[in-house]
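Overview (structure and organization)
Read off the chains here:
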Amino acid sequence: MSISGKKILIAISGGIAAYKIHFLIRDFVKKGAEVQVIMTPDAEQFVTKLSISTLSKKPVYTDFYSDNGTWNSHVELALWADVMIVAPCTANTLSKMVHGMCDNLVIATYMSAKCPVFIAPAMDLDMYMHPSTRKNLEMAESFGHVVIPAESGELASGLIGQGRMAEPETISNTIDHFFNSHQEAQTLQGKVVLITAGPTYEALDPVRFIGNHSSGKMGFSLAEEASKRGAKVILISGPTAQTINDKNVELHKITSAKEMLAKVFEFYDTIDIGIASAAVADYAPKEVAKEKIKKNDENLTLELVKNPDILKTMGEKKTHQFLVGFALETQNEEDNAKGKLEKKNLDMIVLNSLRDEGAGFKNDTNKIKIFTRTEKKEFDLKSKDEVAKDILNFVEAQLLK
Ligand SMILES: Cc1cc2nc3c(=O)[nH]c(=O)nc-3n(C[C@H](O)[C@H](O)[C@H](O)COP(=O)(O)O)c2cc1C
């Protein structure tokens, strides 16, 4: 498996080798990885956010707090990542990492990370050989992190010895090797999986619509994960900022519920698994005004008509397909979800409750419960990528029954 599509979190700390990180970022981006960079406040003395964000194509975070009164979530950054690389890792940052001294965004993110962590130390030879650094590197390895050893040669100080950060090419090869040796089992090889994602927009007039806050993240994570497992994926998505670049995923963009229904049934007979994660609007305006509706009266009354129920129609027309629905509930969650499972003739339903913090539409995380007619399983709050794995593991287990 290549690095393409992988989410790489790079944490830069305040060492002279930080200048080399530009080459590493370029290399990862060229190979199709998504790169998010965070830096310690001291790292800003060595490289600029501007140059880094230009190469990584994402904003660079150095602080918990943003100027606009919001904060940068170390938890979301950490859960997003497939791997975290601390490079260059200063003696100071290394020490904070292994001792849990959580006083900046880099350390808080590191301590929240569940993904594999790679450390590329860089420092002058005496600092590198100091017993405290030796001990801290040993501790980092005992935590399961991979230390990419510093190389020998001329150091920025003019001294010669071991302490130079590994070359970007070496770091990149290490990460490549990691992903290659962690190839996911092709458990969905030969299967066709149809996934609906995102919101639908129901036009009111040429410029307005009725929609919802669905980001499409859950559906896109499912598509990515199903593809990794060898499935051919048909992803039918409403308007969303999500993108996907995966040769096994055929993305079809639609706008309204009616368009989604039509697209689903172009493929329905050919699919093995259907996962309906889209937040389809239940109602649409009865009439779509030809011209922009003018602001005249105090009140405007809209007449809405029911949209087709895509999932119910899929359930009614089911022959061999394994059907998974989603329920987003705010009250009587379990009963409503189980009711939907029956009414719509589904095989499995994934419930997320808006009452759970971190679950639902806009978050990168989700907390779910899965129901079949005979089983119930509850999961912890996880990144949507991890939730996608749980859902597909569950589907695969059902298919084997
Ligand atoms: C010019 C210069 C170069 C430095 N290079 C390194 C280095 O390569 N490795 C290191 O561990 N510290 C280096 N330091 C010291 C760190 O910048 C210092 O320990 C700082 O507190 C690190 O903060 P951070 O780990 O939060 O980024 C350097 C300092 C200066 C002024």
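Residues numbered from 1 in each chain as written. Predicted model: local features only at pLDDT ≥ 70, side-chain atom pairs only at ≥ 80, totals over all residues. Heavy atoms only, no water.

**Details of the nonpolar core**
Condition: Take the buried residues of types Ala, Val, Leu, Ile, Met, Phe, Trp, Tyr and Cys, join any two whose side-chain atoms come within 4.5 Å, and each joined set is a nonpolar core. Buried means the residue's accessible area, taken with a 1.4 Å probe over protein chains only, is under 20% of the maximum for its type, while exposed means over 50%, and partly exposed covers the values in between. By definition in these notes, contact holds between two residues if any of their heavy atoms fall within 4.5 Å.
Judged by nonpolar contacts, the single largest core of 31 residues is most densely connected at Ile-8, Ile-10, Ile-12, Phe-28, Val-37, Ile-171 and Ile-175. Once you skip the residues sitting within four places of it in the chain, Ile-175 turns out to touch Ile-3, Ile-8, Phe-28, Val-83, Ile-85 and Phe-118.

**Points about the sheet that holds strand β13 (residues 273-276)**
Where we set the bar: Pairing between strands requires that DSSP locate at least two bridges from one strand to the other. Going along the chain from the N terminus, every DSSP run of H or I of four or more residues is numbered as a helix, and every run of E of two or more is numbered as a strand. To define axes, lines are fitted to C-alpha atoms, for helices over the stretch in contact only, and angles between the resulting N-to-C directions are given on a 0 to 180 degree scale.
Sheet architecture is open: eight strands sit in the order β12-β11-β8-β13-β16-β17-β19-β20, paired in mixed fashion. Edge strands, defined here as strands with exactly one partner in the open sheet, are β12 (249-253) and β20 (376-378). Taking the axes of each pair of neighbouring strands and ignoring which way they run, one obtains an average angle of 15 degrees across the sheet. Examined bridge by bridge, strand β11 (residues 232-237) and β12 share five bridges and lie parallel to one another. What sits directly across from Ser-237, in β12, is Lys-253. Helix-sheet contacts for helix α9 (residues 217-228) involve β8 (192-197), β11, β12, β13 and β16 (322-329), and the interaxial angle to β11 is about 170 degrees.

**Some remarks on the pattern of salt bridges**
Cut-off, in case you're wondering: The working definition used for a salt bridge is a side-chain nitrogen of Lys or Arg within 4 Å of a carboxyl oxygen of Asp or Glu.
What the rule picks out here adds up to 24 salt bridges. Residue Glu-167 is joined to Arg-164 by a salt bridge in which the shortest nitrogen-to-oxygen separation is 3.1 Å. Relative accessible area serves as the criterion here: at 27%, Glu-167 is assigned to the partly exposed category. In this structure, Arg-229 engages Glu-225 in a salt bridge whose closest nitrogen and oxygen atoms are separated by 2.9 Å. One network of salt bridges, with partners in common, ties together Glu-225, Lys-228, Arg-229 and Glu-396.

**Side note on the domain arrangement of the protein chain**
Cut-off, in case you're wondering: An automatic or database domain assignment supplies the start and end points of every domain. Two parts placed together each lose some accessible area under a 1.4 Å probe, and the buried area is that loss summed for both.
Here the protein chain is described as being made up of domain 1 (7-181) and domain 2 (192-289 + 298-399). Computed from C-alpha coordinates alone, the two centres of domain 1 and domain 2 are separated by 37 Å. Counting residues at the interface gives five residues for domain 1 and seven residues for domain 2. In this assembly, domain 1 packs against domain 2 so that about 470 Å² is buried in total across both faces, 37% of it on carbon and sulfur atoms. Summed over the three residues of domain 1 that lose the most area to domain 2, namely Lys-7, Glu-76 and Leu-79, the buried surface amounts to 76% of that side. Inspection of the domain 1/domain 2 interface yields two salt bridges.

**A short note on the sheet that holds strand β4 (residues 117-121)**
Within a sheet, neighbouring strands are paired by backbone hydrogen bonds and run either parallel or antiparallel to one another. In space, the five strands of this open sheet follow the order β2-β1-β3-β4-β5, with parallel pairing throughout. The sheet is open, and its two edges are formed by β2 (34-39) and β5 (146-147), each paired on a single side. As judged from the six bridges shared by strand β1 (residues 7-12) and β2, these two strands associate in the parallel manner. Directly across from Lys-7, in β2, lies its bridge partner Glu-34. On the sheet, helix α4 (residues 91-99) packs against β3 (83-89) and β4 and is oriented at approximately 140 degrees with respect to β3.

**Quick look at the environment of Met-218**
Checked against the element boundaries, Met-218 lands in helix α9. With 162 residues separating them along the chain, Met-218 and Asp-380 place their C-alpha atoms 16 Å apart. Once residues lying within four places of it in the same chain are set aside, the contact partners of Met-218 are Phe-326, Asn-366, Lys-384, Val-387, Ala-388 and Ile-391.

**A look at the site of the ligand**
This is how it is decided: The criterion for a residue being near a molecule or strand is simple. One of its heavy atoms has to lie within 4 Å of it. Here a polar contact means two N or O atoms within 3.5 Å. Within protein one must be a hydrogen donor candidate and the other an acceptor candidate, and residues neighboring in sequence count only if both atoms are side-chain atoms. Here the term charged refers only to Asp, Glu, Lys and Arg, the term nonpolar to Ala, Val, Leu, Ile, Met, Phe, Trp, Tyr, Cys and Pro, and the term polar to all other amino acids, Gly among them.
Near the ligand there are 14 residues, and of these Gly-14, Thr-40, Thr-90, Ala-91 and Thr-93 occur at the shortest range. With respect to the ligand, the backbone of Ile-16 contributes an N or O atom lying 3.5 Å from a nitrogen atom. Ala-91 is positioned with one of its backbone polar atoms (N or O) 2.8 Å from an oxygen atom of the ligand. Top contributing element to the shell around the ligand by residue count: α4, with three residues. Residues of the shell around the ligand, tallied by class, amount to six nonpolar, seven polar and one charged.

**Quick word on the packing of aromatic side chains**
Rules: Here a Phe, Tyr or Trp ring, Trp counted by its six-membered ring, pairs with any other such ring whose centre lies within 6.5 Å, and the pair is stacked when the planes are under 30 degrees apart, edge-to-face when over 60, and tilted otherwise. Only when the NZ atom of a Lys or the CZ atom of an Arg is both within 6 Å of the ring centre and within 35 degrees of the ring normal do we say a charge sits over the ring.
Applying the stated rule across the entire model yields five aromatic pairs. Within the aromatic cluster, the residues linked to one another by ring pairs are Phe-118, Phe-178 and Phe-179. Across from the ring centre of Tyr-128, 4.5 Å away, lies the NZ or CZ of Arg-134, which sits over that ring. Seen from the ring of Phe-265, Lys-317 lies directly overhead, with NZ or CZ sitting 5.4 Å from the centre.

**Things to note about the side chain of Glu-396**
Checked against the element boundaries, Glu-396 lands in helix α13 (residues 384-399). Looking at Glu-396, the relative accessible area reads 14%, which means it is buried. Side chain to side chain, Glu-396 and Arg-229 meet in a polar contact 3.1 Å long. The residues contacting Glu-396, other than those within four sequence positions of it, are Thr-187, Leu-188 and Arg-229.

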